[in-house]
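Commentary on secondary and tertiary structure
Each chain, letter by letter, is given below.
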Amino acid sequence: MRVRNVAATRKRRKKVLKAAKGYWGGKHRLYKTANETVNKGLMYASVHRRLKKRDMRRLWTARINAAVNTLNLSYSQFINGLKKAKINLNRKMLAEIAATDPRSFKHLVKAAKDKLKSKPR
């Protein structure tokens with residue numbers, strides 16, 4: 001008599017079908033199609049976790065650029081001026097400051113402009 005280990009098979013299949021809950025048609029009922037869909041979904045999830053970081057950095061850069069352009073400075077000059085002024089704020093924080101506290105952001109822009117105007121020694 002051969003050993004079938006039905007309990008483990010049922011547990012594995014139930015896990016996949018539970019993960020496929022909410023999918024349309026046979027994708028949440030049939031094990032084979034559910035398994036394919038769940039695996040593909042997991043693959044997309046891991047890829048998009050990395051893409052999310054890229055997208056957020058682009059968004060922060062766009063927000064900083066928009067705020068800096070209103071104060072007659074380009075994004076690249078602003079970042080360069082901040083580095084020369086030794087102001088170490090990441091783009092996420094700069095975008096947050098630009099959106100919520102324009103007065104503080106003007107001070108940062110002024111500091112960057114002052115360092116750009118001063119001649120290097």
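Presented here is a report on the structure given in the accompanying data block. (Residues numbered from 1 in each chain as written. Predicted model: local features only at pLDDT ≥ 70, side-chain atom pairs only at ≥ 80, totals over all residues. Heavy atoms only, no water.)

**Digging into a nonpolar patch on the surface**
To keep things clear, this is the line we draw: Patches were defined on residues exceeding 30% relative accessible area and lacking a salt bridge, with like-charge contacts within 9 Å and nonpolar side-chain contacts (Val, Leu, Ile, Met, Phe, Trp, Tyr) within 5 Å. Note that accessible areas follow from Shrake-Rupley with a 1.4 Å probe, and for residues the cover is restricted to the protein chains shown. Each salt bridge in this description consists of a side-chain nitrogen of Lys or Arg and a carboxyl oxygen of Asp or Glu lying within 4 Å of one another. Helix and strand definitions here come from DSSP, where helices need a minimum of 4 consecutive H or I residues and strands a minimum of 2 consecutive E residues; each element is numbered from the N-terminal end. Only protein chains enter the accessibility calculation, which uses a 1.4 Å probe; a residue whose area is less than 20% of its type maximum is buried, one above 50% is exposed, and one in between is partly exposed.
On the surface, Met43, Tyr44 and Val47 cluster together into a nonpolar patch covering about 280 Å² of accessible area. Secondary-structure assignment places Val47 in helix H2 (residues 31–69). You can call Val47 partly exposed: its relative accessible area is 39%.

**Considerations on the pattern of salt bridges**
A complete count under the given rule lists 1 salt bridge for this structure. The partner of Asp114 in a salt bridge is Lys110, and the shortest N-O contact between them spans 3.4 Å. In this pair, Asp114 and Lys110 both sit in helix H5 (residues 102–117), 4 residues apart, roughly one turn of the helix.

**Remarks on the packing of aromatic side chains**
Heads up, the rule is: Each Phe, Tyr or Trp ring (for Trp, its six-membered ring) is paired with any other whose centre lies within 6.5 Å, and the angle between the two planes then decides the class: stacked below 30 degrees, edge-to-face above 60, tilted in between. Look at NZ for Lys and CZ for Arg. If either is within 6 Å of the ring centre and within 35 degrees of the ring normal, a charge sits over the ring.
Following the criterion strictly, the structure yields 1 aromatic pair and no others. With a centroid separation of 5.4 Å and an interplanar angle of 50°, the aromatic rings of Phe78 and Phe105 are classed as tilted. A residue pair is termed long-range when its members are at least 10 positions apart, and Phe78 in helix H3 (residues 75–84) and Phe105 in helix H5 qualify at 27 residues. Geometry around Tyr31 places Arg13 over its ring, the cationic atom sitting 5.3 Å from the centre.

**With respect to the nonpolar core**
Stated precisely, the cut-off is as follows: In this text, buried Ala, Val, Leu, Ile, Met, Phe, Trp, Tyr and Cys residues form a nonpolar core when linked through side-chain atoms within 4.5 Å. Contact criterion: two residues are considered in contact whenever any of their non-hydrogen atoms come within 4.5 Å of each other.
Of all hydrophobic cores here, the largest spans 15 residues; its most connected members are Ile64, Val68, Phe78, Leu94 and Phe105. Within the residue set of this core, elements represented by two or more residues are H2, H3, helix H4 (91–100) and H5. Setting aside chain neighbours within four positions, we find Ile64 in contact with Tyr75, Phe78, Arg91, Leu94, Ala95 and Phe105.

**Some details on the packing of H3 against H5**
Let me state the cut-off plainly: The angle between two axes is taken between their N-to-C directions and runs from 0 to 180 degrees, where each axis is a line fitted to C-alpha atoms and a helix contributes only its stretch in contact. Geometric relationships in this document are graded by angle, where less than 35 degrees denotes roughly parallel, more than 145 denotes roughly antiparallel, 65 to 115 denotes roughly perpendicular, and other angles denote oblique. Classification used: nonpolar for Ala, Val, Leu, Ile, Met, Phe, Trp, Tyr, Cys and Pro, charged for Asp, Glu, Lys and Arg, polar for all others including Gly.
Running from amino to carboxyl end, H3 crosses H5 at an angle of 80°, the nearest separation of the two axes being 8 Å. In terms of orientation, H3 lies roughly perpendicular with respect to H5. When H3 is examined against H5, the residues Gln77, Phe78, Asn80, Gly81, Leu82 and Lys84 are found in contact with a partner set consisting of Phe105, Leu108, Val109, Ala112, Lys115 and Leu116. Residue composition of the contact of H3 with H5, grouped by class: 7 nonpolar, 3 polar and 2 charged.

It is worth stressing that arrangement in space is one thing and function is another; only the former is reported here.
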